[in-house]
Amino acid sequence: MRDLKIPGERHPEKAHRPDNAQPKKPDWIRVKAPGGEGYAATRRIMREHNLVTVCEEAGCPNAGECWNQGHATMMIMGEICTRGCTFCNVATGRPDTLDVFEPGRVADAVQKLGLNHVVITSVDRDDLEDGGAEHFAQTIRAVRHRAPDTTIEILTPDFLKCAPEALEIVVAAKPDVFNHNLETVPGLYPAVRPGARYFHSLRLLQRVKELDPAIFTKSGIMVGLGEDAPSVRQVMDDMRAADVDFLTIGQYLQPTPKHHRVDRFVTPEEFAGYEKAAYGKGFLMVSATPLTRSSYHAGDDFARLRAAREAQLAKAPAAV
């Protein structure tokens with residue numbers, strides 16, 4: 001049996017890579033160790049429902065804070081990804097077959113956690129003809145049925161090897177927020193995200209808006225991978241051209257010595273500069289801090305996102 005706790009078995013594609021030194025983290029990105037009653041209760045519900053979370057699989061630094069509030073980001077379609085991105089701590093390999101009962105378990109967990117807003121993500125499933133699109137749609141519908149007042153945010157793969165209809169299946173299920181992360185600037189894709197294509201991901205986000213303008217679109221990048229400020233601002237422009245509503249920017253943290261190295265730790269002042277620039281380019285919502293992650297404070301951010309759209313619509317001139 002493969003043991004995903006052993007780095008060489010978790011990341012076979014990285015086993016022969018040279019080690020990269022892991023620099024000491026600055027004070028501004030230190031977090032408390034997970035714990036507390038809320039954390040324990042969330043963990044128990046995840047285990048009882050046999051659910052995988054990206055919080056654990058990706059080693060998110062905010063897991064303690066989020067889980068203590070009952071906010072776990074569920075990762076559907078298994079814990080093994082068909083891609084091997086150099087930044088990511090999710091296991092790589094051949095996934096198991098889809099679990100047809102998983103959407104129901106996700107919905108039940110959402111109800112028991114009492115979530116006002118849930119984030120559902122997945123591994124990449126290049127082995128499936130539709131990339132897992134129908135499984136996403138079934139999960140959205142199951143949550144709507146079990147917890148009708150919960151708003152739903154999905155963080156999807158790129159459906160790179162699928163027919164265009166795959167995306168249409170997901171959009172037709174009407175999530176409140178459709179998130180797909182660009183992850184980094186285009187010049188770093190060959191080193192950081194080799195299985196993906198920058199302009200395909202950008203077009204995916206644009207097409208969601210074309211299919212259903214009411215759905216909020218969201219995307220994020222990491223910094224500290226070797227990019228420069230002009231390239232980050234160019235990504236902002238590209239996202240706005242694709243009508244992306246919500247931008248997240250966070251510090252890349254290296255999971256193991258075999259992963260992509262940390263080029264540098266971006267200062268809080270630089271993050272504040274990125275946030276100001278992004279709002280100036282027209283994003284409805286921006287989260288740019290060292291500890292920002294796609295689902296960090298997602299519920300509060302969604303409320304602000306919706307309020308920003310309503311304020312924008314109120315200012316718009318009336319149609320003649």
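Residues numbered from 1 in each chain as written. Predicted model: local features only at pLDDT ≥ 70, side-chain atom pairs only at ≥ 80, totals over all residues. Heavy atoms only, no water.

Novice: Kindly report on the overall build of the protein, identifying the contributing residues and their values.
Specialist: Within the protein one finds 12 helices and 9 strands. When its C-alpha atoms are laid out on the principal axes, the protein stretches across 65 × 45 × 45 Å. A buried classification covers 52% of the 320 residues belonging to the protein. A separation of at least 24 residues holds for 76% of the contacts in the protein among residues at least 6 apart in sequence. Carbon and sulfur atoms form 54% of the exposed surface of the protein, whose accessible area is close to 14900 Å². Within the protein, the 43 negative side-chain charges are centred at a point lying 3 Å from the centre of the 40 positive side-chain charges. (Helix = DSSP H or I, 4+ residues; strand = E, 2+ residues; numbered from the N terminus. Buried < 20%, exposed > 50% of the residue type's maximum accessible area, 1.4 Å probe, protein only. Contact = heavy atoms within 4.5 Å. Areas by Shrake-Rupley, 256 points an atom, 1.4 Å probe, with all protein chains shown as cover. Lys, Arg positive; Asp, Glu negative; His and termini not counted. Charge placed at Lys NZ, Arg CZ, Asp CG, Glu CD.)

Novice: Help me get a handle on the packing of aromatic side chains, residues and values and all.
Specialist: Evaluation of the coordinates by the stated rule reveals 3 aromatic pairs. Judged by centre distance (4.9 Å) and plane angle (85 degrees), the ring pair of Y198 and F199 falls under edge-to-face. Taking relative accessible area as the criterion, F199 reaches 60% and is therefore assigned exposed. Between F216 and F302 the ring centres are 5.8 Å apart and the planes differ by 90 degrees, which places this aromatic pair in the edge-to-face class. Separated by 86 residues along the polypeptide, F216 in strand β7 (residues 216-223) and F302 in helix α12 (residues 298-315) bring together distant segments of the chain. (Phe/Tyr/Trp six-rings, centres within 6.5 Å; stacked < 30°, edge-to-face > 60°.)

Novice: Talk me through the pairing of β7; I want residue IDs and the actual numbers.
Specialist: Burial within β7 is extensive, with 8 of its 8 residues counted as buried. Burial along β7 is two-sided: the residues F216, K218, G220 and M222 and T217, S219, I221 and V223 are all buried. Relative to β7, strand β6 (residues 177-179) runs parallel, the two being bridged by 3 bridges. Paired with F178 across the bridge in β7 is T217. Here 6 bridges tie β7 to strand β8 (residues 246-251), and the two strands are oriented parallel to one another. Directly across from K218, in β8, lies its bridge partner F246. A crossover links β7 with its parallel partner β8, the connecting element being helix α10 (residues 229-241), and its sense is right-handed. (Pairing = 2+ DSSP bridges. Right-handed = clockwise from strand over helix to strand, strands pointing away.)

Novice: A description of the sheet that holds β6 should follow, citing residues and the corresponding values.
Specialist: One open sheet holds the 7 strands; their spatial order is β1-β4-β5-β6-β7-β8-β9, and the pairing between them is parallel. In this open sheet, the two edge strands, each paired with only one partner strand, are β1 (74-76) and β9 (285-288). The average angle at which neighbouring strand axes cross in this sheet is 20 degrees, direction not considered. Relative to β6, strand β5 (residues 151-155) runs parallel, the two being bridged by 3 bridges. Counterpart to E153 in the pairing with β6 is V177. (Axes fitted to C-alpha atoms, helices over the stretch in contact; angles between N-to-C directions.)

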